[in-house]
Amino acid sequence: MPAGPNSDTWRWRANARHYRTHVLGDVTYVYCHLSGETHMLNLVSMAMLDLLVQRPYSLAELADAFPACLDVPVAECPPAVVARLFGELDDVGLVERVSGA
Amino acid sequence: MNEPRTTDRVFLEKRRQLLKLGAAGVPMLLTMKASASSTAHSALDCQITIPEGLTILVSLNGAAWISTTYDYDGQGLTSQKVAAMQNQSQYVLPAGAVPERYRPDGDCPDPCENSGDDDDDDDNWAAAKKPRESYLASLLDSLMLSKPANADDRSTQLAYNWGNDDDDDDDNGCSTGGDDDDDGNGNGNGNGNGNGNGGNNGNHNGWGNDDDDDDGNSNYDTSECEYKIFVFDSQVQYAPGDFLDSSGNWSLSGKLGLYTIVAAKYGQYYGNYNSFPGVSCLLSILTYLNNH
């Protein structure tokens, strides 16, 4: 299985059982049980985390869905930005892969 | 009535501003650090939580089986326990994945020592008589040699059982379990169990894995020296980045070192597939190191 972790066909989700959240103004503090770390998420990254809790997304699906989730046009939230935001969540282990070829 | 709309507009504007910042490369997520004096870098500082009871079985050739469900009793390895552990393993790494320092030494005790009379006239069993460099080498020698069959009739039926040999035969592979008169009927007395070898029942070509419960040495099980097992008795949390020195070189030791290696190898082979515990953390570290 030589595929890398960023294949477009892979689908990802966030498992809300793996972390606890505490909202303080525009910032949400996310304590991850798996890593033992606390992350500070702004409105945008928290919106993506919430979206990934609802159901698994591939990166392409996420790029389609996330602008609508934020209620902004795609031009203001292009796929590259979505991918970068997703990468940040992935880097700290807040998302996990659930399926894909 | 207008308040929600105002709030929505404010939030929307904030999101737009944040997205602009995000597009410019400003992080949307920060990881808190215990020390305010050090730079937060989640890629290097991520932690791995090893589940309680996680077990790593390492074979002579460096393959590894990892299970979070196998309940090792700590009473030593047997072929049955090895098979059970392998059946329950959720993750498997191929040969060579584990460095030699974590592998078993393969130095099995000679099952043929004190196995009875040996009249020193049986050249076929040189492997059993010469000092052994390693158990595997001698085992290979014994397989390569013309191995006399058992007096047991079943051995004839299984004479060409190439591959796995799971039968409970009496063949202990020892050179001279008692008198070796080459008539196929001799009963060995050396260890009280060895049946007579020799005879003309054909070659018993048990190539491959020979997992039989040899009655010839009923207590002889090489699993203890062919496999090594590592058990994490309790949940462990650690930062693999702690094993990195200032030059970015790994200095791995102990069980945590093994786990780090196994997780990294798993990530190397399979990526995030099947959610190996901690693989995301290792991948982030390795990605960071590769990029810097």
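Look up a bit, the structure's there.
Only a predicted model underlies this, so the values are computations on that prediction, with no experimental measurement involved.

**Focus on the overall build of chain B**
In terms of regular secondary structure, chain B is built from nine helices and seven strands. Burial status across chain B gives 43% buried among its 292 residues. Once local pairs closer than 6 in sequence are excluded, the contacts in chain B between residues at least 24 apart make up 67%. When the accessible surface of chain B is summed, it comes to about 15400 Å², and 46% of that surface belongs to carbon and sulfur atoms.

**Looking at the sheet that holds strand β4 (residues 64–67) of chain B**
Residues and elements named next belong to chain B. Here we have four strands laid out as an open sheet, ordered β5-β4-β3-β6, and antiparallel in their pairing. In this open sheet, the two strands that pair with only one neighbour each are β5 (91–93) and β6 (227–231). Across this sheet, the average inter-strand angle for adjacent strands is 15°, counted without regard to direction. Sheet analysis places β4 next to β5, joined by three bridges and oriented antiparallel. Along β5, the bridge assignment pairs Trp 65 with Val 92. Against the sheet, helix α8 (residues 254–270) touches β3 (55–59), β4, β5 and β6, its axis set at about 90° to β5.

**Regarding the nonpolar core**
In this structure, A:Met48, A:Leu49, A:Leu52, A:Phe66, A:Leu89 and A:Leu94 are the most contacted members of the largest nonpolar core, which totals 36 residues. The set of elements that each furnish at least two residues to this core consists of β3 (27–32), α1 (43–54), α2 (59–70) and α3 (79–91) of chain A together with α1 (2–23) of chain B. Beyond its immediate chain neighbours, meaning those up to four positions away, A:Met48 contacts A:Leu62, A:Phe66, A:Val82, A:Leu85, A:Phe86 and A:Leu89. B:Ile48, B:Ile66, B:Leu244 and B:Val279 belong to the second largest nonpolar core, which has 33 residues in total.

**Points about the packing of aromatic side chains**
Residue and element names in this part refer to chain B. If you walk through the whole model with that rule in mind, you get 10 aromatic pairs over all chains. Summarising the aromatic geometry, the rings of Tyr 91 and Tyr 266 are spaced 5.3 Å apart at their centres and angled 85° between planes, so their arrangement reads as edge-to-face. Placement of the pair is Tyr 91 in strand β5 and Tyr 266 in helix α8, with a sequence separation of 175 residues. Judged by its relative accessible area of 8%, Tyr 91 falls in the buried class.

**Overview of the sheet that holds β3(A)**
Taking strand neighbours across the sheet as the criterion, the four strands line up as β2(A)-β3(A)-β4(A)-β1(B) in an open arrangement whose pairing is antiparallel. Strands with a single pairing partner mark the edges of an open sheet, and in this sheet they are β2 (19–24) of chain A together with β1 (29–31) of chain B. When strand polarity is set aside, the average angle formed by the axes of neighbouring strands in this sheet is 25°. As paired elements, β3(A) and strand β4 (residues 38–41) of chain A share four bridges and run antiparallel to each other. Counted as the bridge partner of A:Tyr29 is A:Met40 from β4(A). Packed on one face of the sheet, α1(A) meets β2, β3 and β4 of chain A and runs near 110° to β4(A).

**Observations concerning the pairing of β4(B)**
All names here are of chain B. Alternating positions in β4 separate into two faces, Ala 64 and Ile 66 on one and Trp 65 and Ser 67 on the other, with burial throughout. Sheet topology note: the β3/β4 ladder contains four bridges and is antiparallel. If you follow Ile 56 over to β4, its bridge partner there is Ile 66. Between β3 and the antiparallel strand that follows it, β4, lie four residues; Gly 62 among them carries a positive phi value of about 90°.

**Quick look at the interface of chain A and chain B**
Put simply, an interface is often sized by how much accessible area is lost when its parts join up. Facing 37 residues of chain A, the contacting portion of chain B comprises 29 residues. Interface area, chain A with chain B, both sides summed: about 3000 Å², of which 58% is carbon and sulfur. Taken together, the connections running from chain A to chain B amount to two salt bridges. Put simply, B:Lys14 and A:Asp26 hold a salt bridge, and the shortest N to O gap is 2.7 Å. For the pair chain A and chain B, the interface holds 11 residue pairs in polar contact (both at pLDDT 80 or more). Among the elements of the structure, β4, α1, α2 and α3 of chain A are those that each provide at least two residues to the side of chain A that touches chain B.

Scoring rules and cut-offs
Residues numbered from 1 in each chain as written. Chains lettered and ligands numbered in written order. Predicted model: local features only at pLDDT ≥ 70, side-chain atom pairs only at ≥ 80, totals over all residues. Heavy atoms only, no water. Helix = DSSP H or I, 4+ residues; strand = E, 2+ residues; numbered from the N terminus. Buried < 20%, exposed > 50% of the residue type's maximum accessible area, 1.4 Å probe, protein only. Contact = heavy atoms within 4.5 Å. Areas by Shrake-Rupley, 256 points an atom, 1.4 Å probe, with all protein chains shown as cover. Pairing = 2+ DSSP bridges. Axes fitted to C-alpha atoms, helices over the stretch in contact; angles between N-to-C directions. Core = buried A, V, L, I, M, F, W, Y, C linked by side-chain atoms within 4.5 Å. Phe/Tyr/Trp six-rings, centres within 6.5 Å; stacked < 30°, edge-to-face > 60°. Buried area = accessible area lost by both parts, 1.4 Å probe. Salt bridge = Lys/Arg side-chain N within 4 Å of Asp/Glu carboxyl O. Polar contact = N/O pair within 3.5 Å; in protein donor to acceptor, adjacent residues only side chain to side chain.

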